[in-house]
Amino acid sequence: DLFPLPPAVKCSNLVKQYDNLELAHGTQLGRNLFRLVKTPMTYAVCLKIIEQGLGAIMPFLMASFLNQIKKEKEDREYRRIYVIIASAVMITMLKSLFKEHSMKFTCQVMSRTGQCLRGIFYSHIMTANYSFLKTVDTSFIAKMSIYEFDAIIKFMGNIPNFASFPFAFILSVSLIVNQ
């Protein structure tokens, strides 16, 4: 490893973990990658669901705020207006906090996946036979690491968005129907 990284992200540790998973569960790359990043992926999905849920609540707060503003000056409930404003500010801050923490875990998933894929690839190159190494040049290695691995890494990073969408959609529809 070139840089001092925490043990959870070190390429050598991730490749060892992957090799142990490969021995225990078979050689399916996708399933073993999911097993390798299961914990941060779970945290990212849960935090993303909470963040999107808070985002679905905000329009209803704004609607109640506008209803209070539309009333005549004598009929306005200023305490309620201040509570709505404070709630909107608090929800906005919480939504940002959950979004940042979700992105933190998503980035952990992406970095672990990238380190593991590159480590597996380079370990296979190190043990490849001479005829394969004779035909491979640096452009092949660059193409593999740029085009092939990045697609997998981006896919793994988008899973929390895919997984949290149904919950946010159901929450939004239920709030609209019940409104």
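Conventions and cut-offs
Residues numbered from 1 in each chain as written. Predicted model: local features only at pLDDT ≥ 70, side-chain atom pairs only at ≥ 80, totals over all residues. Heavy atoms only, no water. Helix = DSSP H or I, 4+ residues; strand = E, 2+ residues; numbered from the N terminus. Contact = heavy atoms within 4.5 Å. Polar contact = N/O pair within 3.5 Å; in protein donor to acceptor, adjacent residues only side chain to side chain. Salt bridge = Lys/Arg side-chain N within 4 Å of Asp/Glu carboxyl O. Buried < 20%, exposed > 50% of the residue type's maximum accessible area, 1.4 Å probe, protein only. Core = buried A, V, L, I, M, F, W, Y, C linked by side-chain atoms within 4.5 Å. Patch = residues over 30% accessible without salt bridge, like charges linked within 9 Å, V, L, I, M, F, W, Y side chains within 5 Å. Areas by Shrake-Rupley, 256 points an atom, 1.4 Å probe, with all protein chains shown as cover. Lys, Arg positive; Asp, Glu negative; His and termini not counted. Charge placed at Lys NZ, Arg CZ, Asp CG, Glu CD. Phe/Tyr/Trp six-rings, centres within 6.5 Å; stacked < 30°, edge-to-face > 60°. Lys NZ or Arg CZ within 6 Å of the ring centre and 35° of its normal.

(A) Highlighting the environment of Gln52. Mapped onto the fold, Gln52 is located in helix α3 (residues 38-70). Separated by 119 residues in sequence, Gln52 and Leu171 have C-alpha atoms that sit 9.2 Å apart. Contact partners of Gln52, with chain neighbours within four places excluded, come to Ser164, Phe165 and Ala168. Polar side-chain contacts of Gln52 include one of 3.4 Å to the side chain of Ser164.

(B) The side chain of Thr113, seen in detail. Within the secondary structure, Thr113 is located in helix α4 (residues 78-126). In contact with Thr113, not counting residues within four places along its chain, are Leu33, Val37, Ile152, Ile153 and Met156.

(C) Layout of the pattern of salt bridges. The full count for this structure, using the stated rule, is two salt bridges. Ionic pairing is found between Lys48 and Glu51, a salt bridge with its closest N-O pair at 3.2 Å. In this pair, Lys48 and Glu51 both sit in helix α3, three residues apart, roughly one turn of the helix. In this structure, Arg118 and Asp150 form a salt bridge, with 3.6 Å as the shortest nitrogen-oxygen distance. Residue Arg118 is located in helix α4, and its partner Asp150 is located in helix α6 (residues 138-178); the two are separated by 32 residues in the primary sequence. According to the relative accessible area criterion, Arg118 is partly exposed, its value standing at 29%.

(D) Just the nonpolar core, in detail. Residues Met41 and Met156 are the most contacted members of the largest nonpolar core, which totals 14 residues. Contributing elements (two or more residues each) for this core: α2 (29-36), α4 and α6. In terms of residues, this core owes the most to one element, α4, which gives six residues. Among residues more than four places away in sequence, those in contact with Met156 are Leu33, Phe34, Val37, Met41, Val109 and Thr113. Counting six residues, the second largest nonpolar core, distinct from the first, contains Met58, Ile84, Ala88 and Ile91.

(E) Molecular detail of a negative patch on the surface. A cluster of acidic residues, Glu72, Glu74, Asp75 and Glu77, forms a negative patch at the surface. Turning to its location among the elements, Glu74 is positioned in the loop between α3 and α4.

(F) How the structure looks around the packing of aromatic side chains. Under the defined criterion, the tally for this structure stands at six aromatic pairs. Considering the side-chain rings of Phe121 and Phe149, the 5.5 Å spacing of their centres and the 75° angle between planes classify their relative orientation as edge-to-face. Remark: Phe149 occurs in helix α6 and Phe121 occurs in helix α4; sequence separation between them is 28 residues. Its relative accessible area of 11% is what places Phe121 among the buried residues. For Phe149, a relative accessible area of 6% translates into the label buried. Clustering of aromatic rings is evident, with ring pairs tying together Phe121, Tyr122, Phe140 and Phe149. Against the face of Phe105 rests Lys104, its NZ or CZ located 4.8 Å from the ring centre.

Purely geometric numbers; function is a separate question.
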